Amino acid sequence: MKIHMIYLAAGNSRRFQDNKLLYNYQGQPLYRYGFNQLLKLLSNDNYTLDVVTQYPEIIFDIKQFNYPRLHVIKSPKSHLGIAYSIQAGIKKYNQEKEAYFLFLVADQPYIKASTIQRLIDETLSQKAMLSTLAYQEKVGNPTLFHCQFYNELMSLKNDEGGRKIINRYQNACLKVNVEDELELLDIDTKEDIEKRSSHY
């Protein structure tokens, strides 16, 4: 089964009051943490990784990596909302019949490759069409969508994300629990970094 991993590294960081994805967090840009975990999964020949961004610095950085099936997608409309980033990431896969789209946002420094792989494995083993990570009753990223949802993903508007589709089909969505809530935490403000840096 093909897994198209879409790394959403294009957010506007309004609450952060700076470009949080490029913020030096524990010695490297914040966006690199999730990216490094997804890179580990590219050892599987059925996986691809597309980094969607509006930032020249990230485009330049990703192009320095020589990995098979790794691509960077410039998304100049991402400032209008996450829907534009999602659609930029999947539109080239419009002919897929048997594949999944995995979406991960670029501000989760604690996510682990092993957890992402477990989400994929459990989704495939249970033949779920939708899945998401969760801690107890709290859901989080990444999320996984069978390509049958392509048209619905392409119909999202502005700041509508994949969660809108998951909520629509929540009875069909598989929730895969994580043991450590930190994996689901994202960085929204500089205060978040001050509170959480001691955990990494």
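Notes on the structure follow.

What counts and how
- Residues numbered from 1 in each chain as written.
- Predicted model: local features only at pLDDT ≥ 70, side-chain atom pairs only at ≥ 80, totals over all residues.
- Heavy atoms only, no water.
- Helix = DSSP H or I, 4+ residues; strand = E, 2+ residues; numbered from the N terminus.
- Rg over C-alpha atoms; globule rule 2.2 N^0.38 Å.
- Buried < 20%, exposed > 50% of the residue type's maximum accessible area, 1.4 Å probe, protein only.
- Contact = heavy atoms within 4.5 Å.
- Areas by Shrake-Rupley, 256 points an atom, 1.4 Å probe, with all protein chains shown as cover.
- Phe/Tyr/Trp six-rings, centres within 6.5 Å; stacked < 30°, edge-to-face > 60°.
- Core = buried A, V, L, I, M, F, W, Y, C linked by side-chain atoms within 4.5 Å.
- Pairing = 2+ DSSP bridges.
- Axes fitted to C-alpha atoms, helices over the stretch in contact; angles between N-to-C directions.
- Salt bridge = Lys/Arg side-chain N within 4 Å of Asp/Glu carboxyl O.
- Expected span 1.5 Å × (residues − 1).

## What to know about the overall build of the protein
Phase 1: Within the protein, the secondary structure is distributed over seven helices and nine strands.
Phase 2: Compactness check: the protein gives a C-alpha radius of gyration of 16 Å against a globular reference of 16 Å for 200 residues, within 12% of the reference.
Phase 3: Its C-alpha atoms put the protein at 40 × 35 × 35 Å along the principal axes.
Phase 4: For the protein, with 200 residues in total, the buried portion stands at 53%.
Phase 5: Long-range pairs, those at least 24 residues apart, make up 70% of the contacts in the protein between residues at least 6 apart in sequence.
Phase 6: For the protein, the computed accessible surface area is about 9900 Å², with 45% contributed by carbon and sulfur atoms.

## Some points on the packing of aromatic side chains
Any pair of aromatic rings gets described here by the distance separating the centres and the angle formed by the planes.
Phase 1: Under the definition given, this model contains eleven aromatic pairs.
Phase 2: Judged by centre distance (6.3 Å) and plane angle (80°), the rings of Phe145 and Phe149 are edge-to-face.
Phase 3: On the accessibility criterion, Phe149 (5% relative accessible area) is buried.

## Thoughts on the side chain of Ser85
Phase 1: Of note, Ser85 is situated in helix α3 (residues 82–90).
Phase 2: Residue classification places Ser85 among the buried residues on the basis of a relative accessible area of 3%.

## Regarding the nonpolar core
Phase 1: Counting residues in hydrophobic clusters, the biggest one holds 34 residues, and the most contacted among them are Met5, Tyr7, Leu38, Leu49, Val51 and Leu102.
Phase 2: Grouped together as the second largest cluster of nonpolar side chains are 23 residues, Ile6, Ile90, Tyr150 and Ile165 included.

## What to know about the sheet that holds strand β5 (residues 70–74)
Phase 1: Pairing is mixed across the open sheet formed by seven strands, whose spatial order is β5-β4-β1-β6-β8-β7-β9. Strands with a single pairing partner mark the edges of an open sheet, and in this sheet they are β5 and β9 (173–177). When the angles between neighbouring strand axes are averaged without regard to direction, this sheet yields 25°.
Phase 2: Relative to β5, strand β4 (residues 47–53) runs parallel, the two being bridged by five bridges. Opposite Val51, over in β5, you have Val72 as the bridge partner.
Phase 3: Contacts from helix α1 (residues 31–41) reach β1 (2–8), β4, β5 and β6 (99–105) within the one sheet, and its direction differs from that of β1 by about 170°.

## Structural notes on the pattern of salt bridges
Phase 1: All told, the structure shown has eight salt bridges when counted by the stated rule.
Phase 2: Between Asp107 and Lys20 there is a salt bridge; the shortest N-O distance is 2.6 Å. Taken together, the residues Asp107 in the loop between β6 and α4 (113–125) and Lys20 in the loop between β1 and β2 (24–25) connect sequence positions 87 residues apart. Lys20 carries the same exposure label as Asp107, and that label is buried.
Phase 3: Ionic pairing is found between Asp61 and Arg32, a salt bridge with its closest N-O pair at 3.1 Å. In this pair, Asp61 sits in helix α2 (residues 56–62) while Arg32 sits in helix α1, placing the two residues 29 residues apart along the sequence.
Phase 4: Looking at Arg32, the relative accessible area reads 18%, which means it is buried.

## Overview of α4
Phase 1: When the terminal C-alpha atoms of α4 are compared, their 18 Å separation across 13 residues agrees well with the 18 Å that a helix rising 1.5 Å per residue should span.
Phase 2: Where α4 is concerned, the buried positions are Ala113, Thr115, Ile116, Gln117, Leu119, Ile120 and Thr123.

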